[in-house]
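# Structural features, examined
Read off the chains here:
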Amino acid sequence: QVQLVESGGGLVQAGGSLSLSCAASGRTFSSYTMGWFRQAPGKEREFVATISGSGGTTYYADSVQGRFTISRDNAKNTVTLQMNNVKPEDTAVYYCAADLRATRPHTNTYWGQGTQVTVSS
């Protein structure tokens, strides 16, 4: 069982930066591919970025490539999403996820409660 707690969301102006953090419980954190997904009002949840257990492989959605960076610290059981040059279309609830298959969740994927990110123009 894994519990995920996100933090760091808030209001930011377009062009600014924000860092989201996810703290995970459990002894097997380093074995999980971790990721961030987001859901905007009226839209389905979508993939943002994932990172392999070792941190050696990352994937990004085209919409955030070059602006967002995902990283992890296996000693601290944390995963971070650094968001730079944010845009109004980045406004969404951001969810941390554990136990992914590359960029895809599956039936055993764990989810955090979500953190709101709002980008003002």
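Preceding block: the structure.
To keep things clear, this report deals only with the structure shown in the data block. (Residues numbered from 1 in each chain as written. Predicted model: local features only at pLDDT ≥ 70, side-chain atom pairs only at ≥ 80, totals over all residues. Heavy atoms only, no water.)

Attention now goes to the packing of aromatic side chains. Ring pairs (aromatic) are described by centroid distance and by the angle formed between their planes. As enumerated under the stated definition, the model contains 3 aromatic pairs in all. Aromatic pair F37 and F47: ring centres 6.1 Å apart, planes at 65 degrees, arrangement edge-to-face. Of the two residues, F37 is situated in strand 4 (residues 34-39) and F47 in strand 5 (residues 46-51); the sequence distance between them amounts to 10 residues. Owing to a relative accessible area of 3%, F37 belongs among the buried residues under this scheme. Ring geometry for F37 and W111: centres 5.3 Å apart, planes at 70 degrees, overall edge-to-face. In this pair, F37 is assigned in strand 4 and W111 in strand 10 (residues 110-111), connecting sequence segments 74 residues apart. An aromatic cluster is built from F37, F47 and W111, whose rings are joined through pairwise contacts. Stacked on the ring of Y95, the Lys or Arg R45 has its end atom at 4.0 Å from the ring centre. One cation-aromatic arrangement involves R45 over W111; the distance from NZ or CZ to the ring centre is 4.3 Å. (Phe/Tyr/Trp six-rings, centres within 6.5 Å; stacked < 30°, edge-to-face > 60°. Helix = DSSP H or I, 4+ residues; strand = E, 2+ residues; numbered from the N terminus. Buried < 20%, exposed > 50% of the residue type's maximum accessible area, 1.4 Å probe, protein only. Lys NZ or Arg CZ within 6 Å of the ring centre and 35° of its normal.)

Attention shifts here to the nonpolar core. Membership of the largest hydrophobic core comes to 31 residues, with the highest contact counts inside it found for L4, M34, W36, L81 and Y94. Aside from chain neighbours lying at most four places away, what touches L4 is C22, A23, A24, M34, C96, A97, A98, Y110, W111, G112 and Q113. (Core = buried A, V, L, I, M, F, W, Y, C linked by side-chain atoms within 4.5 Å. Contact = heavy atoms within 4.5 Å.)

The subject of this paragraph is the sheet that holds strand 1 (residues 4-7). The pairing of strands in a sheet happens through backbone hydrogen bonds and is either parallel or antiparallel. Pairing is antiparallel in the open sheet, where 4 strands are placed in the order 1-3-8-7. Because the sheet does not close on itself, it has two edges, and the strands there are strand 1 and strand 7 (68-73). Each strand axis lies, on average, 15 degrees off the axis of its neighbour in the sheet, ignoring direction. Where strand 3 (residues 18-24) lies against strand 8 (residues 78-83), 6 bridges are found, and the strand directions are antiparallel. From the neighbouring strand, S19 faces strand 8, where its bridge partner is Q82. (Pairing = 2+ DSSP bridges. Axes fitted to C-alpha atoms, helices over the stretch in contact; angles between N-to-C directions.)

Next up on the list: the pairing of strand 5. Across 5 bridges, strand 4 lies against strand 5 in antiparallel orientation. Opposite G35, over in strand 5, you have T50 as the bridge partner. What sits between strand 4 and strand 5 in their antiparallel hairpin is a turn of 6 residues, with G42 showing a positive phi close to 75 degrees. In terms of strand pairing, strand 5 meets strand 6 (residues 58-60) through 3 bridges, oriented antiparallel. Note on strand 6: the bridge partner recorded for T50 is Y59. Linking strand 5 back to strand 6 in an antiparallel pair, the connection comprises 6 residues, with G55 at a positive phi of about 85 degrees.

Under the defined criterion, the tally for this structure stands at 3 salt bridges. Ionic pairing is found between R38 and E46, a salt bridge with its closest N-O pair at 2.7 Å. Residue classification places E46 among the partly exposed residues on the basis of a relative accessible area of 36%. Between R38 and D90 there is a salt bridge, and its shortest N-O distance comes to 3.0 Å. With R38 in strand 4 and D90 in the loop between strand 8 and strand 9 (92-98), this residue pair connects regions lying 52 residues apart in the sequence. Looking at D90, the relative accessible area reads 1%, which means it is buried. Connected via shared salt-bridge partners are R38, E46, R67 and D90. (Salt bridge = Lys/Arg side-chain N within 4 Å of Asp/Glu carboxyl O.)

Spatial relationships are all this shows, so hold off on functional conclusions.
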